[in-house]
Amino acid sequence: MTKIHVISGFLGSGKTTLIKKLIEKLDGKKVIIENEFGEVGIDGEIIGRESYDVVELAQGCICCSMKTDFEEAILSILKDLDPDHIIIEPTGIGMLSHVLSILKYKEIRDKCMVMSPITLVDTLDYFEQLDNFGGFFTDQIGNAGTIVFSKVQLIEDGNIDKIVDSVRELNKNAEIISCDWDNFDEVNYNSLTNVQYDLDEMYTSFIENSNEISEGIYSISVKEPKRFSKSELEQMLANISNDEYGIVIRAKGFITGNDGDFEFSYVNGRYTITKNILSNSERICVIGKNLDENNIFKLLLNQGRENYG
């Protein structure tokens, strides 16, 4: 099935930049639907220089006046181009909820899998935009499956915490990625491109428990891992470098612990554990070579691969 990726965000939040990063991580044929509200499709021209198929829908908003055109464009792309991925960039002044409602149409759902819809939050102007643009700004945040902060390198950590608190008032369930885009790794890209979205229940889930992300490199993702105390989490991260699990290059996760909620990051035998201030859902992703799925599942879930999912 064709995977549909929706990347929304207010004007100037960095959608085009993020899309250019993401499409490099997607295998297969890719088509971008660019919705410019105006006469000149600047972003579409920029993306099109990268030799991807770009379909521009200008002179209106796909979430209101152009609903029929939008649906027909998707169906036409599916028929004529048969892509592996469709990336949709709605206008920055559109309603994400309306875009998602169109993707519920049966003809589209029968042929497509909608991935977690992404909303970019411009951390520099967040509170000003929240005050001035209400409606569609909060709609984009409230209906996102994943929220990505942009321009975080330009503001202080304390302000990030305030934005997280405000965003959580609008969306309690979305995953939040708050690190500098220059520091994105395969775990971040996996979360942005390989998580399915249920349009009816509005929740996300990993598509696959094991996924090849590049030649010889695999990721294993689990949701709702077993509970760890902080000391148990430290022991788990020390153990995961053992040969019985394969060659673990990277691991990252959010867990609900017996003595608090934690976020951890592991790279080649080194790890850090901090409080989960983002309130992201419980999940762990492990990346490496020659990974032993069964042993890793036992380590993270107290049960083997054959009993999971």
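Worth saying up front: this structure is predicted, and the values here are computed from it rather than measured.

Reading the values: rules and limits
- Residues numbered from 1 in each chain as written.
- Predicted model: local features only at pLDDT ≥ 70, side-chain atom pairs only at ≥ 80, totals over all residues.
- Heavy atoms only, no water.
- Core = buried A, V, L, I, M, F, W, Y, C linked by side-chain atoms within 4.5 Å.
- Buried < 20%, exposed > 50% of the residue type's maximum accessible area, 1.4 Å probe, protein only.
- Helix = DSSP H or I, 4+ residues; strand = E, 2+ residues; numbered from the N terminus.
- Contact = heavy atoms within 4.5 Å.
- Phe/Tyr/Trp six-rings, centres within 6.5 Å; stacked < 30°, edge-to-face > 60°.
- Patch = residues over 30% accessible without salt bridge, like charges linked within 9 Å, V, L, I, M, F, W, Y side chains within 5 Å.
- Areas by Shrake-Rupley, 256 points an atom, 1.4 Å probe, with all protein chains shown as cover.
- Salt bridge = Lys/Arg side-chain N within 4 Å of Asp/Glu carboxyl O.
- Lys, Arg positive; Asp, Glu negative; His and termini not counted.
- Charge placed at Lys NZ, Arg CZ, Asp CG, Glu CD.
- Axes fitted to C-alpha atoms, helices over the stretch in contact; angles between N-to-C directions.
- Parallel < 35°, antiparallel > 145°, perpendicular 65-115°, else oblique.
- Left-handed = near helix turned anticlockwise from the far one by under 90°.
- Nonpolar A, V, L, I, M, F, W, Y, C, P; charged D, E, K, R; others polar.
- Pairing = 2+ DSSP bridges.
- Polar contact = N/O pair within 3.5 Å; in protein donor to acceptor, adjacent residues only side chain to side chain.
- pLDDT = per-residue confidence, 0-100.

Asks: Got a minute to help me understand the nonpolar core in this structure?
Replies: Generally speaking, soluble globular proteins have nonpolar side chains that are buried together. Counting 38 residues, the largest nonpolar core has Ile-74, Ile-88, Leu-103, Ile-147 and Phe-149 as the members making the most contacts within it. No other element matches the five residues that helix α3 (residues 67–80) contributes to this core. Excluding anything up to four places from it in sequence, Ile-74 contacts Ile-33, Ile-86, Ile-88, Leu-103 and Ile-108. Counting 23 residues, the second largest nonpolar core, distinct from the first, contains Ala-251, Phe-264, Ile-296 and Leu-301.

Asks: So what exactly am I meant to see when it comes to the packing of aromatic side chains here?
Replies: Each aromatic ring pair is summarised here by two numbers: the centre-to-centre distance and the angle between the ring planes. Enumeration over the complete set of coordinates arrives at five aromatic pairs. Between the aromatic rings of Phe-10 and Phe-137, the centroid separation amounts to 6.0 Å while the plane-to-plane angle is 85°, which identifies the pairing as edge-to-face. Of this pair, Phe-10 sits in the loop between β1 (2–9) and α1 (15–23) while Phe-137 is found in helix α6 (residues 126–142), placing the two residues 127 residues apart along the sequence. Here Tyr-126 and Phe-127 contribute two aromatic rings whose centre-to-centre distance is 4.9 Å and whose plane-to-plane angle is 80°, an arrangement assigned as edge-to-face.

Asks: Quick question: what am I supposed to make of a negative patch on the surface here?
Replies: The grouping of Glu-156, Asp-157, Asp-161, Asp-165 and Glu-169 at the surface amounts to a negative patch. With respect to the helices and strands, Asp-157 occurs in helix α7 (residues 157–170).

Asks: What exactly am I supposed to notice about the pattern of salt bridges here?
Replies: For side chains bearing opposite charge, pairing can occur when the charged atoms are close. One pass over the full model with this rule turns up six salt bridges. Notably, a salt bridge pairs Lys-25 with Glu-186, separated by 3.2 Å at the nearest N-O pair. On the criterion of sequence distance, the pair formed by Lys-25 in the loop between α1 and β2 (30–34) and Glu-186 in helix α8 (residues 186–193) is long-range, its members being 161 residues apart. Taking the relative accessible area as the measure of exposure, Lys-25 reaches 35% and is therefore partly exposed.

Asks: What is the right way to read the packing of α6 against α7 from this model?
Replies: Each pair of packed helices can be summarised by the angle the axes make with each other and by the distance between the axes. With their axes 11 Å apart at the nearest point, α6 and α7 run at an angle of 40° to one another. Considered as vectors, α6 and α7 are oriented oblique to each other. Crossing angle aside, the handedness with which α6 passes α7 is right-handed. On the side of α6, the interface is formed by Tyr-126, Phe-127, Leu-130, Thr-138, Ile-141 and Gly-142, while α7 contributes Lys-162, Ile-163, Ser-166, Val-167 and Leu-170. Here the contact of α6 with α7 is composed, by residue class, of seven nonpolar, three polar and one charged.

Asks: Quick question: what am I supposed to make of unusual backbone geometry here?
Replies: Working note: non-glycine residues mostly have negative phi, and peptide bonds are mostly trans. Phi at Glu-224 is positive, roughly 50°, even though this residue is not glycine. Counting through the fold element by element, Glu-224 comes out in the loop between β12 (217–223) and α9 (230–239). Look at Glu-224 and you get exposed, because its relative accessible area is 60%. Positioned with a positive phi, Asn-290 is a non-glycine residue whose angle comes to about 50°. Topologically, Asn-290 is positioned in the loop between β16 (283–289) and α10 (293–301). Note on Asn-290: relative accessible area 63%, which makes it exposed.

Asks: Explain the pairing of β16 here, please?
Replies: Taken residue by residue, a regular strand's side chains alternate between the two faces of the sheet. In terms of burial, β16 is largely enclosed, as six of its seven residues are buried. Of the strand pairs in this sheet, β12 and β16 are connected by six bridges, and their pairing is antiparallel. In the sheet register, Lys-223 faces β16, and the bridge partner there is Arg-283.

Asks: Please explain α8 as it appears in this structure.
Replies: Think of an α-helix as 3.6 residues a turn; residues three or four steps apart then line up on the same face. Burial of α8 is extensive: seven of the eight residues sit out of reach of the surface. Of all the residues in α8, the buried ones are Val-187, Asn-188, Tyr-189, Asn-190, Ser-191, Leu-192 and Thr-193. Where α8 begins, one side-chain oxygen reaches toward the backbone nitrogen of Val-187, 3.0 Å away; that side chain belongs to Asp-185.

Asks: Before we go on, may I ask you to explain the confidence of the model for the protein chain in this structure?
Replies: Close inspection of predicted coordinates is inappropriate for parts of the model with low pLDDT. Across the protein chain, the average pLDDT comes to 83, with 83% of residues at 70 or higher. Taking the mean pLDDT of every element in the protein chain, the minimum, 44, falls on helix α2 (residues 42–48) and the maximum, 96, on strand β7 (residues 146–150). Every residue in residues 304–309 scores below 50 in pLDDT, and together they form 14 contacts with partners more than four places removed in sequence or on other chains.

Asks: How should I be thinking about the pairing of strand β14 (residues 260–267) in this particular structure?
Replies: As judged from the eight bridges shared by strand β13 (residues 247–257) and β14, these two strands associate in the antiparallel manner. Residue pairing for β14: Gly-253 is matched across the bridge by Phe-264. In this antiparallel pair of consecutive strands, β13 and β14, the connection spans two residues. Counted along the chain from β14 to the antiparallel partner strand β15 (residues 270–275), the turn is two residues long, and its residue Asn-268 has a positive phi close to 50°.

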